[in-house]
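Overview (structure and organization)
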Amino acid sequence: MTRTIRPLVAGNWKMNGLKADLAIATEVAKGYDTGMKAAVDLAICPPATLLYLASAALLGSRIATGGQDCSTQDSGAFTGETSAVMLADTGATFAIVGHSERRTLHGETSATVKDKAQAAQKALLVPIVCVGETRDEREAGKAVAIVKKQLRGSIPDGSTAATLVVAYEPVWAIGTGLTPTAADVAEMHEAIRNELGRLLGKVTAAGVRLLYGGSVKPSNAAELMNVANVDGALVGGASLKAEDFLGIARACA
Ligand code: 13P
């Protein structure tokens, strides 16, 4: 398949990683060779505590960094929160927002996710807006409708191909080793592209990077990354091993 969109493989470390684990990031940088650089963008989203160090360690590597969440606010009395401005100040250029773990464990609604995505864009970060259905929703035949509704609620008006990334992460595929069939991924990514067309205009939608996430591994990456409208991956567990993360990036390149 000839790609018209430069793919992005982003690693979401979730709540994993101490200072010593920055070695994973530097290993990835070492393996990100000229051939891969020509074909695929990489980003690493470590926990907030490591973001500044990771950004510094990856300086000059052409590997971006990102936060895993951000506040809807820029600053103020919001104990425990991290603003998009603060993420940007560490050198990060992405912020994951609306991950299903945030939506489920922290009760984040699409309206909140949209506010966070807007805050990210205002701080000149590119939000990676996550959407995805639960197993029950898929079994009830509602997966596409649910994801379209999440998109309508979560995507900031006026987003452009340069200021937005969308990640489709079926909740039931995250950390389970299960993945949708290539046909199901194709159906969903086409539906996402079309819905973005309605929200942002067809020309913009055609350029937005649509990542697939959920149990992506080197062994299944080639199949998933070759599906139409899949422009990269959002990788959890496998991003904690440099060789696996690079294997996925290679499959994408
Ligand atoms: P896994 O790759 O571990 O399934 O996690 C996916 C994910 O949630 C990335 O954001």
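What this report covers is the structure whose coordinates are included nearby. (Residues numbered from 1 in each chain as written. Predicted model: local features only at pLDDT ≥ 70, side-chain atom pairs only at ≥ 80, totals over all residues. Heavy atoms only, no water.)

1. Regarding the sheet that holds strand β4 (residues 94-97)
- With parallel pairing, the eight strands of this closed barrel are ordered in space as β1-β2-β3-β4-β5-β6-β7-β8. Averaged over neighbouring strand pairs, the angle between their axes works out to 25° when direction is ignored.
- One ladder, built from two bridges, connects strand β3 (residues 63-67) with β4; its direction is parallel. The partner of Gly67 across the bridge, within β4, is Ala95.
- Across the sheet, helix α12 (residues 242-252) is in contact with β1 (8-12), β2 (41-45) and β8 (232-235); its angle to β1 comes to roughly 160°. (Pairing = 2+ DSSP bridges. Helix = DSSP H or I, 4+ residues; strand = E, 2+ residues; numbered from the N terminus. Axes fitted to C-alpha atoms, helices over the stretch in contact; angles between N-to-C directions. Contact = heavy atoms within 4.5 Å.)

2. Concerning the site of the ligand
- Near the ligand the following residues occur: Asn12, Lys14, His99, Glu169, Ala173, Ile174, Gly175, Gly214, Ser215, Leu234, Gly236 and Gly237.
- Within the side chain of Lys14, an N or O atom sits 2.8 Å from an oxygen atom of the ligand.
- One nitrogen or oxygen atom from the main chain of Gly236 is found 2.9 Å from an oxygen atom belonging to the ligand.
- When the ligand sits alone it has 300 Å² of accessible area, and the protein chains cover 94% of it.
- Given that more than half its atoms are within 2 Å of the pocket grid, the ligand belongs to the second largest pocket. (Near = heavy atom within 4 Å. Polar contact = N/O pair within 3.5 Å; in protein donor to acceptor, adjacent residues only side chain to side chain. Areas by Shrake-Rupley, 256 points an atom, 1.4 Å probe, with all protein chains shown as cover. 1 Å grid on protein atoms, 1.4 Å probe; cavity = no way out; pocket = protein on both sides within 12 Å on 5 of 7 lines; lining within 4 Å. Sits in = over half its atoms within 2 Å of the grid points.)

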